[in-house]
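# Examination of the molecular architecture
The primary structure of each chain is shown beneath.
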Amino acid sequence: MTVYETDVPGVGKKFEVEIGGDERLVILLHHDGKREIFHKADSDADAERLFTLQGRLAREVGAILQGAYFQPVETDEVEVPLGEAIIEWIDVDETAELVDQTLGDANLRQRTGASIVAIQRGSDTVPNPGPDETIAAGDILVTLGTREELTKLEGLVEADDS
Amino acid sequence: MAELLLEVGIALTAVALAGALANRVGLSVIPAYIVVGILVGPNPPSSVLGISLNLVSDSEFIQVLAELGIVFLLFFLGLEFSVDQLLRDRGRISAAGGVDFAVNFGLGVAIGLLFGWTLLETLFLAGVVYISSSAVITKSLIEEGWIANDESGPILGTLVFEDILIAVYLAVLAAVAGGGDLESAALSVGTAFLFLGGLTAVAWYGSGWLDRFFRTSSDELFILRVVGVTTLVAGAALALGVSEAVAAFFLGTGISQTAHVERIEHIVAPARDIFAAVFFFSIGLTTDVTLIAGVAALLAVAVVATTVGKFLSGTFSGRFYDLDRRRSLRVGLGLVPRGEFSLVIATLAAGIGTGRLASVLPAFTVGYVLVMSVLGSVLIQQADTITDALGASSG
């Protein structure tokens, strides 16, 4: 596959791509961000303008073609379904009763039924925390359990109003 | 102040309307700007149905804006001038460009001498009828889709060759025409080459410095710097008797080596568009159409001869690019339009102001450009009909 690149003075750049057989695709990049796509049945044929894309749309289509199209997801709740159980990220408020307790002392598995799979602390992650791991204010607990179990756990790490 | 402001407002609005109309009809905006300048200018036509059309005078303000139009048109030309492409393709470009120059500049000289013009006047005339309009042609190429075909190669290549030739031509002519005898002429040419050589050297070796100078995250500061430096360099050139257009061109080529090209395209191009539009408008403003009647014979001869000339030289150039007959004919038709550069040359001539250069050549050029820009665009649009008629159908 050869790509021929030429400057078009006053306009931008032109790329001619052989796409198999004798067919060619001609892509014209304008300085102002406009992109025009032409198709040539063979190298001798007249180019036929397929479509024109303006700036932002051109970039998005380009991202799709690249397989890198990214649509932002709502990050308030990130749920990973595992049968009845789900994984949830739960914030530990600084006034929660669990702050400064070790996991062993907190005994969360027995009390709520949910398990702590990992703890995210700032930019670090503690995977599979042991019973000696102390829960700090501002930690994000990565938890696994059913909705009821996680609701119970959330009650323990919420702000303590009592 | 109120009067001047009003006049400028009328000028700009008229230009906007003219451009919109041209777009509607599918023709280039350049002739539209000129015509509207003729209409609202101090020259005839002065009134329509009793309503005065003498709305805008050729104020110094408009003159300066027009000058900036020339400066920035050439600046952007230099900016987009691809030295790499020129070097890569130099064999074919020189061949096509050489044929184009020999035929068409030669024709221009012949016509000038035939009509009894002096040597200097003839050289100006030859320049006016030789150079094709990159603006009109590139726009047509994109509209017709030719830009993606093989015929765009020789067309754009010839235009690039013409750019360099015109830069040299303007530099020499401006210097020569300014001086009186041979000695002062030689001095002027020497100064010109020194100034331009210095500019090129700064651009070439100082591209790192240039790059740093224009580096700022603020768009506002960026455009101020670009516009400021360009205008300053152009003004300095003019003060030294060097063509400000060529100085701007060389500055543009220098900056084309920095990383700022795309940003300049984005941010400074709108300013260029305003100035350029006023330039074309001011051409119409200062043109007395009654003078065109006086050069009708010259105009007719020039239009016919140079259209045929470009057609033949262009078609022949297709050979250097191994094009088939149909595409070669398209090259011939594609190079016919004339426009902005012919007007720049005419403005330079008017500035010198001796003999026919003062008003005859400018009037001729306006008539010539009005005809050739429209004729050229139509020829390109009707190319398939023409090539079929000439027996070169696709296949």
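Right, let's walk through the structure included here. (Residues numbered from 1 in each chain as written. Chains lettered and ligands numbered in written order. Predicted model: local features only at pLDDT ≥ 70, side-chain atom pairs only at ≥ 80, totals over all residues. Heavy atoms only, no water.)

## Looking at the overall build of chain A
The test is simple: Segments assigned H or I by DSSP are reported as helices when at least four residues long, segments assigned E as strands when at least two residues long, and all are numbered from the N terminus. Two things to know: the radius of gyration comes from C-alpha atoms, and the globule rule equals 2.2 Å times the number of residues to the power 0.38. Burial status follows relative accessibility: with a 1.4 Å probe on protein chains alone, a residue under 20% of its type maximum counts as buried, one over 50% as exposed, and anything between as partly exposed. Only heavy atoms matter for contacts: two residues are in contact if any of them lie within 4.5 Å across the pair. Per-residue and other accessible areas follow the Shrake-Rupley method at a 1.4 Å probe size, with only the shown protein chains counted as cover for residues. In this tally, Asp and Glu contribute negative charge and Lys and Arg positive charge; neither His nor the terminal groups of the chain are included. Charge positions come from single atoms, namely NZ of Lys, CZ of Arg, CG of Asp or CD of Glu.
Each helix and strand counted, chain A has four helices and 10 strands in total. Put simply, chain A runs from its N terminus to its C terminus through helices and strands in the order β-β-β-β-β-α-β-β-α-α-β-β-β-α. Over its C-alpha atoms chain A spans a radius of gyration of 28 Å, topping by over 25% the 15 Å that the globule rule assigns to 162 residues. Dimensions of chain A along its principal axes, counting C-alpha atoms only, are 80 × 35 × 25 Å. Looking at chain A as a whole, 31% of its 162 residues qualify as buried. Considering only contacts in chain A between residues 6 or more positions apart, those separated by 24 or more positions represent 40%. Just so you have it, chain A exposes about 10100 Å², and 49% of that area is on carbon and sulfur atoms. Distance between charge centroids for chain A: 11 Å, based on 14 positive and 35 negative side chains.

## Re the interface of chain B and chain A
Here is the rule: Values labelled buried area give the accessible surface lost by two parts on being combined, using a 1.4 Å probe and summing over both. For this analysis, a salt bridge means a side-chain nitrogen from Lys or Arg found within 4 Å of a carboxyl oxygen belonging to Asp or Glu. A 3.5 Å cut-off defines polar contacts: any pair of N or O atoms within that distance qualifies, except that in protein one atom must be a possible hydrogen donor and the other a possible acceptor, and neighbouring residues in sequence count only when both atoms are side-chain atoms.
The partner chain A presents 23 residues to the 20 residues of chain B that form the contact. Buried surface at the junction of chain B and chain A, both sides included, amounts to about 1700 Å², of which 46% is carbon and sulfur. Along the contact surface separating chain B from chain A lie four salt bridges. A salt bridge links D46 of chain A to R326 of chain B; its shortest N-O distance comes to 3.3 Å. Here chain B is connected to chain A by 11 residue pairs in polar contact (both at pLDDT 80 or more). Those elements that place two or more of their residues in the side of chain B that touches chain A are α4 (83-88), α7 (134-144), α8 (152-178), α13 (261-285) and α16 (325-334) of chain B.

## Description of the sheet that holds strand β1 (residues 3-8) of chain A
For sheets, the rule is that strands pair by backbone hydrogen bonds, running either parallel or antiparallel. All names here are of chain A. For the record, the criterion: Strand pairing is assigned whenever DSSP identifies at least 2 bridges connecting the two strands. To obtain an axis, a line is fitted to C-alpha atoms, over the contacting stretch when the element is a helix, and the angle between two such axes runs from 0 to 180 degrees between their N-to-C directions.
Spatial ordering of the open sheet is given by β1-β2-β3-β4-β5, a layout of five strands whose pairing is antiparallel. Only two strands of the sheet have a single neighbouring strand rather than two, namely β1 and β5 (48-53). Neighbour-to-neighbour, the strand axes of this sheet turn through a mean angle of 20°, independent of strand direction. Of the pairings in the sheet, the one linking strand β4 (residues 35-40) to β5 comprises five bridges and is antiparallel in character. Bridge assignment links F38 to a residue of β5, and that residue is R49.

## Side note on the environment of P9 of chain A
Relative to the elements of secondary structure, P9 of chain A occurs in the loop between β1 and β2 (12-18). Dropping the residues within four chain positions of it, P9 of chain A is found in contact with E80, T138 and V160 of chain B.

## Looking at the packing of aromatic side chains
Residues and elements named next belong to chain B. Formally: Two aromatic rings, drawn from Phe, Tyr or Trp (for Trp, its six-membered ring), form a pair once their centres lie within 6.5 Å of each other, and the interplanar angle then sorts them: stacked below 30 degrees, edge-to-face above 60, tilted otherwise. In this scheme, the term charge over a ring applies when either NZ of a lysine or CZ of an arginine sits within 6 Å of the ring centre and within 35 degrees of the ring normal.
Overall, the coordinates contain 15 aromatic pairs over all chains when judged by the stated rule. Ring plane angle 85° and centroid distance 5.3 Å describe the contact between F101 and Y130, whose orientation is recorded as edge-to-face. Placement of the pair is F101 in helix α5 (residues 90-114) and Y130 in helix α6 (residues 119-130), with a sequence separation of 29 residues. Residue F101 is classed as partly exposed on the basis of its relative accessible area, which comes to 31%. Here the aromatic rings of F249 and F250 are separated by 5.8 Å at their centres, their planes lie at 90°, and the arrangement is edge-to-face. Owing to a relative accessible area of 23%, F250 belongs among the partly exposed residues under this scheme. Taken together, the aromatic side chains of F72, F75, F76 and F275 make up a single cluster linked through ring pairs. Above the face of the F213 ring, R225 is positioned so that its terminal group lies 5.9 Å from the ring centre.

## Section: α13 of chain B
Owing to its 3.6 residues per turn, the α-helix brings residues three or four apart onto one side. All names here are of chain B. Note the cut-off: In this analysis, the expected span of each helix is defined as 1.5 Å times one less than the number of residues it contains. Here the bend at a residue means the angle between the axes of two seven-residue stretches, the one that ends at it and the one that starts at it.
Over its 25 residues, α13 extends 33 Å from the first C-alpha to the last, a length consistent with the 36 Å expected when each residue adds 1.5 Å. Maximum bend of α13: about 50°, positioned at V268, with proline P270 one to four residues after it. Within α13, 19 of the 25 residues are buried, which leaves it mostly tucked inside the rest of the structure.

## Looking at the packing of helix α2 (residues 29-40) of chain B against helix α18 (residues 360-381) of chain B
Residues and elements named next belong to chain B. Counted only if it meets this: Angle categories are assigned with fixed cut-offs, so that under 35 degrees is roughly parallel, over 145 is roughly antiparallel, 65 to 115 is roughly perpendicular, and the rest are oblique. A clockwise turn of the near helix away from the far one marks a right-handed crossing, whereas an anticlockwise turn of less than a right angle marks a left-handed crossing. Side-chain classes are defined by residue name, with Ala, Val, Leu, Ile, Met, Phe, Trp, Tyr, Cys and Pro counting as nonpolar, Asp, Glu, Lys and Arg as charged, and the others, Gly among them, as polar.
Running from amino to carboxyl end, α2 crosses α18 at an angle of 140°, the nearest separation of the two axes being 10 Å. Classed by the angle they form, the pair α2 and α18 counts as oblique. As α2 runs across α18, the sense of the crossing is left-handed. For the pair α2 and α18, contact is made by P31, I34, V35 and I38 and by V366, V369, L370, S373 and V374, respectively. Split by residue class, the contact of α2 with α18 holds eight nonpolar, one polar and no charged.

## Considerations on a nonpolar patch on the surface
Formally: Patches were defined on residues exceeding 30% relative accessible area and lacking a salt bridge, with like-charge contacts within 9 Å and nonpolar side-chain contacts (Val, Leu, Ile, Met, Phe, Trp, Tyr) within 5 Å.
Taken together, the side chains of M1, L4, L5 and F61 of chain B present a nonpolar region at the surface, about 450 Å² in accessible area. Of note, F61 of chain B is situated in helix α3 (residues 60-79).

## Remarks on the nonpolar core
For clarity, the cut-off: We call a set of buried Ala, Val, Leu, Ile, Met, Phe, Trp, Tyr and Cys residues a nonpolar core when their side-chain atoms join them within 4.5 Å.
Grouped together as the largest cluster of nonpolar side chains are 130 residues, with contacts concentrated most on F75, F281 and F364 of chain B. Tallying contributions element by element places α13 of chain B first for this core, with 15 residues. Not counting residues up to four positions away in its chain, the partners in contact with F75 of chain B are V226, T230, A248, F249, L251, G252, I255 and I264 of chain B. One finds A106, L141, L150 and V157 of chain A within the second-largest nonpolar core, a separate group that totals 18 residues.

## As for the pattern of salt bridges
Evaluated as defined, the whole model comprises 26 salt bridges over all chains. The residue R330 of chain B makes a salt bridge to D46 of chain A at a minimum N-O spacing of 2.9 Å. In this pair, R330 of chain B is assigned in helix α16 and D46 of chain A in the loop between β4 and β5, connecting two distinct chains. Accessibility expressed as a relative area gives 1% for R330 of chain B, which makes it buried.

## Some remarks on empty space enclosed by the protein
All names here are of chain B. Going by this rule: Of the two site types, the cavity is a set of points on a 1 Å grid over the protein atoms alone where a 1.4 Å probe fits but cannot get out, and the pocket is an open set with protein on both sides within 12 Å along at least five of seven lines, each lined by residues with an atom within 4 Å of a point. Grid points are joined across faces, edges and corners, and a volume is the space filled by probe spheres set on the points.
Per the counting criterion, the structure on display carries one cavity of 30 Å³ or more. In this structure, the largest cavity occupies an estimated 70 Å³ of space. At the level of elements, α7 and α18 are the ones that each hand at least two residues to the lining of the largest cavity. Ranked by the residues each element gives to the lining of the largest cavity, the list is headed by α7, at five residues.

## A word on the side chain of S243 of chain B
Summarising the element assignment, S243 of chain B is placed in the loop between α11 (219-239) and α12 (244-255). Setting aside residues no more than four positions away along its own chain, S243 of chain B makes contact with L170, A174 and A237 of chain B.

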